[in-house]
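An overview of the molecular structure
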Amino acid sequence: MRWRIPVLLLLFLFNNRTGYTQTDNLFLPDDIVYSISDTTAALNDPEEVYEEILLTLNVQRIGSLEIPAIIFGQKVYLSVTDIFDFLKIRNTPSADFDSVSGFFINPKSIYLIDHSRHKISFEGKLFILRPNDILKTATGIYLRSEYFGQIFGLVCMFDFRSLSVNLNTKTELPAIREMQQKLMRRNLSLLTGEKKADTIINRSFTAFHVGMVDWSVMSSQETKGRKNTRAILGIGAVVAGGELNLLLNYNSDEKINLRQQNYQWRFVNNSNPLMRQIAAGKIFAQSTSSVFAPVIGFQLTNTPTTYRKSFGTYTISNTTEPEWVVELYVNNVLVNYTKADASGFYRFEVPMVYGNSVVKLRFYGPWGEERTSEQYISVPFNFVRLHQLEYTVTGGMVEDGHKSMFARASLSYGLSRRITIGGGMEYLSSVTSGKYMPFINASARVGSHTLVSVDHTYGVRSKAVLNYRRPSNLQVDVTYIRYAQNQTAIQFNYLEERRIALSMPLRGKKITAFTRFSLNQFTFPEKQIISTVANKKYTTAELLFSTVLAGISSNLTTFAVINNPGNPLVYSNLSFTFRLPKGIRFTPQAQYEYQQHKFSMLRAEVEKNIFKQGFLRVAYERYLLNKNFSSVTVAFRYNFSFAQTFFSANQNKETIATTQSARGSFMIDSKTNYIAAGNQIVVGRGGIVVLPYLDVNNNGLRDMNEPKVFGLNLRINGGRIERNLRDTTIRITGLDAYANYFIELDKNSFDHVAWQLKKQTISVTVEPNNFKVIEVAVTVAGEASGMVSVKDGEKGLGRIIVNFYNSDLILAGRTITEADGYFSFLGLPPGLYTARVDEAQLKKIKMSSSSLSFTILPLRDGDIADGLNFMLHSTADTDQ
């Protein structure tokens, strides 16, 4: 820095004198400075000058580091301790830096680098060096770069123009092994949902708060006079520390009754291993018997709501409406979503997690149709961690018009890492064949590709499920169910169910496809063969191909219903979705019946995005086997920021039907006086408010005179980020309740260098129907700078450690001087400080120095304490 021009001229002339040819312009970075290190004492010719500079050391798979080096002509000498420290190789320099000893990776591979005797011993071998091959300074030992490769296998290639050294080796260095271990630990934390954060913010418990509101209104009319209006009001609140969700329904064609309304209060404490969830109201009852009506009661369980470690996946697939978005929730945590294809087919890889899991699907129609419809699915495999016990207790009354009483208690225990056993009791007062139904179950992993589950409910049924999955993702699912004769718990008149399904995804460079074949067979007892079944066996089959090629989505599904083997019903549905220019989407669909030898249905739909947030759809449908019945539909949807609106008109031969709907939501946060309207569902979800402020006095608390800070950048693993330019708040909405979210703050967000973030990662637990307020302190860091010199301040000394202590004599920071003796440290909070040269290092180099006191003032733009100049004095004469 201060000696850039003299060094440039000296090195340029010196390289020419030693025969070094350079055709390009010589470029030296700013870090090249003079050093007063007395290296000439170790040389035969005291007139030769060796310059100490900073080089960039590049090590593949590890990174880069600036290290001190001594350069002479085209030869470079590298600091032994700096390189070994960077590579995590054990090294211990002697007190006077005459030698460095340690072991190289293996504790048995002992080495000694001896400057005074000009030799290196390593693994029983002795290497004799010339005096100019190893140099000593006041702060370290320097070895010619080629000896790192010849002796230790660390090949160093020096590039003079870039002043860098590239280090290559075939040895597995400790630094690389440490990075791999950190990477594996980080990946493991991602799988388990656990990440290390600087700050952990757990959930708090509020007595009462109303935070989220959903609303929707739909009205339909027909030319024949029929009219209908439906309205839904959802209210999300916090009562006694638990979430209270109300869903009030109104239908103009029906009287208002309690069965139409949904309400549930749930208290969650995932840190309590004995009872993590308490629910009351209308609850989800996972039952063996047929319980189709809601259950009003309670549920207790020690199963957490958080997403736990996944040990595999289980494929599910089904159909919904075409182009609908389907979200997959595991324990109320959104883990994936997909869009149904041209025929409505969708598939998911459901993560297999430890413990009982509630797997739920939520459907979102592109035109506002029944966006709140939800479907619970049952994954037949239940695994619990080794030697852990999980339970669920449910009880209440079924709203079936008969006031039937329902109760169920289930236990699951991890017998081993591969086997989980369970059992319990179910009770339903309306079952005439036996109100009490004890059951046992077990799940096992056989090898690495097979899952097996068995379940037996006394007097009701026996069930076995096998899932086999190859590394090619070929999956085979086999299910067998045997029902007890004369049982009335399950409202099926089957005697047996046999199911087999084969599915496999196909991926190529230009095509993505999925194929599935399923075969279902039902048998009936002789006495219960119904009139529509001519045989005691009823069989259905399905063969599906779903592909995406060149942006064209297609689906071909063939169904077969085999009641009478001589006259099966077989038909196919074929549909495509074409992306046309100007944002037009065209979807033709046809159905062909093989028994009739003709098409039974033709359908075509055109959709286009207009006005940025508007969508226009025109559809034509014709049924050829039903007196050529046809219909035309025109629909328009527009998304405002505060609501979604929808209008449609359908005409057929007899009537014209019109529909209008609107839906939206409100988010309320009393702590920050925030009310906002939105067009997404918010009840049962939560949010986070990040409030950055300037912590001038560095006390970690926001004082009255400390202003808000604009410009903070952050990343979070979910939700939608909204910035308020007026009050600098950052609001994150659409987060799943009780889930832990990881927030990463960008330390380079601010233009002021003095503005720093002490903590850059935050783990926060989201609260339902509420906004979690997080105040982020932006500290104002002070800077201290100066020089370390010897010989009356004429020469600076590099590689000297300077420590900074606060008023309590606690180490607040440390830095190392550059080659010219200059040092600078940024990161000191306001307060009184003392700067000292490291005492341990002073003893090694046999020098002494006094300490300096200074003050960092609490200023908005940061304070600078410069002129901290240290004069080192030799203690060698005193020792003698």
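Because the structure is a prediction, the values reported are computed rather than measured. Residue positions within a chain follow its written sequence, with the count starting from 1. This being a predicted model, a pLDDT of at least 70 is required before a residue's local features are given, and a value of 80 or more before pairs of side-chain atoms are given or counted; all residues contribute to the totals for chains, interfaces and linings. Note: side-chain values were computed over all heavy atoms of the structure, leaving out hydrogens and water.

A closer look at the overall build of the chain
- The numbering of helices and of strands both runs from the N terminus, where a helix is a DSSP run of H or I of at least 4 residues and a strand a run of E of at least 2. Each helix and strand counted, the chain has six helices and 61 strands in total.
- Out of the 880 residues in the chain, the part that is buried amounts to 44%.
- When checking whether two residues touch, look at their non-hydrogen atoms; a contact exists if any pair is within 4.5 Å. Sequence-distant contacts in the chain: of pairs separated by 6 or more residues, those separated by 24 or more amount to 52%.
- Here the open area of atoms and residues is found with the Shrake-Rupley method and a 1.4 Å probe, where only the protein chains shown may cover a residue. Approximately 45200 Å² of the chain is accessible, and the part contributed by carbon and sulfur atoms is 55%. The buried label applies to any residue whose accessible area, calculated with a 1.4 Å probe on protein chains only, is under 20% of its type's maximum; exposed applies above 50%, and partly exposed to all values in between.

Quick word on the nonpolar core
- Judged by nonpolar contacts, the single largest core of 39 residues is most densely connected at L78, L87 and F152.
- Once residues lying within four places of it in the same chain are set aside, the contact partners of L78 are L55, I67, P68, A69, I83, I141, Y142, L143, S145, F148, C156 and V165.
- Counting residues in hydrophobic clusters, the runner-up holds 26 residues, among them V709, L714, L745 and I774. To define a nonpolar core, start from buried Ala, Val, Leu, Ile, Met, Phe, Trp, Tyr and Cys residues and group those joined through side-chain atoms within 4.5 Å.

Looking at the environment of F345
- Inspection of the secondary structure puts F345 in strand β23 (residues 345-353).
- A residue is classified by how much of its surface remains accessible, and F345, at 5% relative accessible area, is buried.
- Placed 201 residues apart in sequence, F345 and S546 show a C-alpha to C-alpha distance of 8.0 Å.
- In contact with F345, other than residues within four places in its own chain, are S317, N318, T319, A340, F514, R516, L544, S546 and N555.

Overview of unusual backbone geometry
- Here N486, not a glycine, exhibits a phi torsion of approximately 70 degrees, which is positive.
- One can find N486 in the loop between β32 (475-483) and β33 (496-507).
- We note that K582 has phi near 65 degrees; this positive angle belongs to a residue other than glycine.
- Relative to the assigned elements, K582 resides in the loop between β37 (569-580) and β38 (584-593).
- Residue classification places K582 among the exposed positions, given a relative accessible area of 72%.

Re the sheet that holds strand β58 (residues 831-837)
- If you trace the four strands from one edge of the open sheet to the other, you get β56-β55-β58-β60, paired in antiparallel fashion. A strand with exactly one partner marks an edge of an open sheet, and here the two such strands are β56 (811-816) and β60 (852-856). When strand polarity is set aside, the average angle formed by the axes of neighbouring strands in this sheet is 25 degrees.
- Strand pairing is assigned whenever DSSP detects at least two bridges linking the two strands. Strand direction decides the pairing type here: strand β55 (residues 801-806) and β56, joined by five bridges, are antiparallel. Within β56, the residue paired with V802 across the bridge is T815. Every axis in this analysis is a line fitted to C-alpha atoms, fitted for helices over the stretch in contact. Angles between the N-to-C directions lie between 0 and 180 degrees.

Remarks on the pairing of β58
- Where β55 and β58 come together, five bridges link them in antiparallel fashion. If you follow F804 over to β58, its bridge partner there is A835.
- Where β58 and β60 come together, five bridges link them in antiparallel fashion. Within the sheet, the bridge partner assigned to L832 lies in β60 and is T855.

Some thoughts on the confidence of the model for the chain
- By definition, pLDDT measures how confident the predictor is in each residue, and it falls between 0 and 100. Looking at the chain, the pLDDT average stands at 83 and 86% of residues meet or exceed 70.
- Strand β28 (residues 419-428) holds the highest mean pLDDT among the elements of the chain, 96, whereas helix α1 (residues 4-17) holds the lowest, 38.
- Counted against residues more than four places away or in other chains, residues 1-47, with its pLDDT under 50, gives 79 contacts.

Looking at the sheet that holds strand β13 (residues 199-201)
- Strand order in the open sheet formed by four strands is β13-β51-β49-β46, and the pairing between neighbours is mixed. Only two strands of the sheet have a single partner each, and these edge strands are β13 and β46 (714-716). Within this sheet the neighbouring strands show an average axis-to-axis angle of 20 degrees, counted without direction.
- Of the pairings in the sheet, the one linking strand β49 (residues 740-745) to strand β51 (residues 761-765) comprises five bridges and is antiparallel in character. Following the sheet pairing, N740 is matched in β51 by T765.

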